[in-house]
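Listed below, chain by chain, are the residues.
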Amino acid sequence: MSKEKIFIVKKKKISAKIMVGEIMKKRKKKNYQKIVIVLLLLLVVSGCIKNELKEKDIPYSKDAIEVMKEKNIYDQIAEKEYSKTVEKMLEEKKIDPKYLESYYQIDYQEKENFTTYTEKLLEKNYSAEEINNIFNYLSDKNLEKLMEMDYVALEDYVKVSNMEVDKVDRYKKYQEEKNTDTQTTVTYVNIGLDLEYYSNIQEISDPTSYSVLLNKYNALPDDYAPDDLVSLSINPNMQLRKEAAEHYEQLEDAALLDNVHIIPFSAYRSKTYQTRLYNNYVASDGKKNADTYSARPRHSEHELGLAIDVRSSVLLDNLTDSDYEWMQNNSYKYGFIIRYAKGTTPITGYIEEPWHLRYLGVELATDVHTKNMTYDEYYDLYLKKN
Ligand SMILES: [Zn+2]
């Protein structure tokens, strides 16, 4: 090959190389553009997905999320753990951002008016802890009453089953004075023992009930008289309501079988009779003394036709110790309790009357016997509608 030819071939090779290079350059440029577009697209798409994921991460209902956004508390709630209380407050549009921290500490309760009560209690300045106690312990009736009241520190009284929210101030005063435990304080104040006898008198609404509680704070309606009185077979001048009379006779028979001889000496008394009796005692002994052993008219269980005084055959107006013991261990089987038993004066307000039996019915008398407390306490703890 001549030198010329070699030169031409070299030149062609070079120009071919240049062409290939340029084509490659153009291709690379197009590829870059594609990559950029793809990357941009990816960015946009991932952004959308991310946003969607963020909302799906919050396990709240759609309605709740809407309210969060309205109130501008979405981010605050999103970064916290799920709370059913928060969700319910949101859903029912009762949420107030200033109480957000408190909602998280209030345990949700499947309770009617939960959100309304929560809203009101927070507005009354109850703490989350107090609100949890209120929901855990208070009866519906107490809750309703509490809603009508200004803030009151319920303290440990909230945990006592027979407490009444409108008596908390009286509980505090009584406990401070008497140094009684919380449960005793509540029961005694409920009975009325922080007040003078025969003050704050309530008229009982169900005088025919065998379980009625009659004491120095509860009175019979003025015109009440039982309409099922029957005479006792042992003494036709003594009457009790029919069911009580039948059970009394069973009691008397059972006592006799155990060689306990008891004789009734006072049963039903009319209002007129009780009035005369009480007035006579007052005349001879003074009102203060009379009140310790005689009930004022409309306050005596004898007026119910459900009380009977019995004596041992060897005594004039009392039971012997052994007869008293028999009565304590057996009378409940026939529906009777010793209403003013030994040691109960501070609660009943009467001197002990071992002879005074009160008919309650077998089931109730058995339970009162088992619980071993005065009927005043029993009634407040187990029978009163709270
Ligand atoms: Zn009596």
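Fair warning: this is a prediction, and the values are worked out from it, not measured in the lab.

Some remarks on the coordination of the zinc ion
Coordination of the zinc ion by the protein comes from His-302 (NE2), Asp-309 (OD), Asp-309 (OD) and His-356 (ND1), over a distance range of 2.1 to 2.7 Å. For the zinc ion, the four donor atoms in the first shell make angles of 53 to 155 degrees at the metal, a pattern classed as irregular. Look at where the donors of the zinc ion fall in the sequence and you get H-x6-D-x46-H. In this structure, His-302 and Asp-309 share a single accessibility class: buried.

Overview of helix 16 (residues 362-371)
Residues of helix 16 that are buried include every one of Leu-364, Ala-365 and Val-368, and no others. Along the axis of helix 16, the buried residues cluster in a sector spanning 95 degrees; they form a single face. Among the exposed residues of helix 16, those oriented more than 90 degrees off its buried face are Glu-363 and Thr-370. Those residues of helix 16 that are buried are in contact with strand 7 (336-340) and helix 17 (375-383).

Quick notes on the side chain of Glu-303
Inspection of the secondary structure assignment puts Glu-303 in the loop between helix 13 (287-293) and strand 6 (307-312). Within polar-contact distance, the side chain of Glu-303 engages the backbone nitrogen of Arg-298 at 2.7 Å. Those residues in contact with Glu-303 that lie beyond four places of it in its chain are Leu-220, Tyr-224, Pro-226, Tyr-268, Arg-269, Ser-270, Lys-271, Gln-274, Arg-296, Pro-297 and Arg-298.

So, the pairing of strand 6
Counting buried positions over the six residues of strand 6 gives six, a clear majority of the element. Here strand 6 shows no split at all, with Ala-307, Asp-309 and Arg-311 on one side and Ile-308, Val-310 and Ser-312 on the other all buried. In the sheet, strand 5 (residues 262-266) pairs with strand 6 via four bridges, with the strands oriented antiparallel. Bridge pairing in strand 6 links Pro-264 to Val-310.

A few points about the pairing of strand 8 (residues 353-359)
Across the seven residues that make up strand 8, a large majority, seven, are buried. In this structure, strand 6 lies alongside strand 8, joined through three bridges in antiparallel fashion. Pairing of Asp-309 across the sheet is with His-356, part of strand 8. Bridging between strand 7 and strand 8 involves four bridges; their strand directions are antiparallel. Bridging from a neighbouring strand, Ile-337 pairs with Arg-358 of strand 8.

A look at the sheet that holds strand 5
Pairing within the open sheet is antiparallel, and its four strands lie in the order 5-6-8-7. The open sheet terminates on both sides in strands that have one partner only, identified here as strand 5 and strand 7. Across the sheet, the mean angle separating the axes of adjacent strands is 45 degrees when strand polarity is ignored.

Here we look at the environment of Glu-203
The residue Glu-203 is located in strand 1 (residues 202-203) in this model. Since its relative accessible area comes to 57%, Glu-203 is described here as exposed. Considered as a pair, Glu-203 and Arg-298 are 95 residues apart in the sequence and their alpha carbons are 9.4 Å apart. Excluding residues within four positions of it along the chain, Glu-203 makes contact with Ala-219, Leu-220, Pro-221 and Asp-222.

Some details on the packing of aromatic side chains
Using the criterion set out here, one finds 14 aromatic pairs in the structure. Pairing Tyr-60 with Tyr-82 gives two aromatic rings, centres 4.9 Å apart and planes at 50 degrees, and the pair type is tilted. Taken together, the residues Tyr-60 in the loop between helix 1 (3-57) and helix 2 (62-70) and Tyr-82 in the loop between helix 3 (74-78) and helix 4 (84-91) connect sequence positions 22 residues apart. On the basis of relative accessibility, which here comes to 37%, the residue Tyr-82 falls in the partly exposed class. What links up through ring pairs into an aromatic cluster is the set Tyr-210, Tyr-248, Phe-336 and Tyr-359. Sitting above the plane of the Tyr-74 ring, Lys-69 keeps its charged end 5.7 Å from the centroid.

Focus on the packing of helix 16 against helix 17
Put simply, helix 16 and helix 17 touch, their axes get as near as 11 Å, and they point 105 degrees apart. As far as their axial angle goes, helix 17 and helix 16 are roughly perpendicular. In contact with Leu-364, Asp-367, Val-368 and Lys-371 of helix 16, helix 17 contributes Tyr-375, Tyr-378, Tyr-382 and Leu-383. By residue class, the composition of the contact of helix 16 with helix 17 is six nonpolar, no polar and two charged.

As for the layout of surface pockets
One water molecule sets the probe size; rolling that probe over the atoms shows where empty space is left. In this structure, the largest pocket occupies an estimated 760 Å³ of space. Lining the largest pocket are 29 residues, and of these Gln-202, Leu-213, Asn-218, Tyr-379 and Lys-384 lie nearest its centre. Among the secondary structure elements, those contributing two or more residues to the lining of the largest pocket are helix 8 (140-147), helix 10 (182-191), strand 1 and helix 17. Here the residues of the lining of the largest pocket are counted per class, giving nine nonpolar, nine polar and 11 charged.

Parameters and conventions
Residues numbered from 1 in each chain as written. Predicted model: local features only at pLDDT ≥ 70, side-chain atom pairs only at ≥ 80, totals over all residues. Heavy atoms only, no water. Donors = N, O, S within 2.8 Å, 3.2 Å for Na, K, Ca; no water. Tetrahedral: all angles 85-135°; square planar, octahedral: opposite > 155°, others 65-115°. Buried < 20%, exposed > 50% of the residue type's maximum accessible area, 1.4 Å probe, protein only. Helix = DSSP H or I, 4+ residues; strand = E, 2+ residues; numbered from the N terminus. Arc of directions from axis to C-beta. Contact = heavy atoms within 4.5 Å. Polar contact = N/O pair within 3.5 Å; in protein donor to acceptor, adjacent residues only side chain to side chain. Pairing = 2+ DSSP bridges. Axes fitted to C-alpha atoms, helices over the stretch in contact; angles between N-to-C directions. Phe/Tyr/Trp six-rings, centres within 6.5 Å; stacked < 30°, edge-to-face > 60°. Lys NZ or Arg CZ within 6 Å of the ring centre and 35° of its normal. Parallel < 35°, antiparallel > 145°, perpendicular 65-115°, else oblique. Nonpolar A, V, L, I, M, F, W, Y, C, P; charged D, E, K, R; others polar. 1 Å grid on protein atoms, 1.4 Å probe; cavity = no way out; pocket = protein on both sides within 12 Å on 5 of 7 lines; lining within 4 Å. Points joined across faces, edges and corners; volume = space filled by probe spheres on them.

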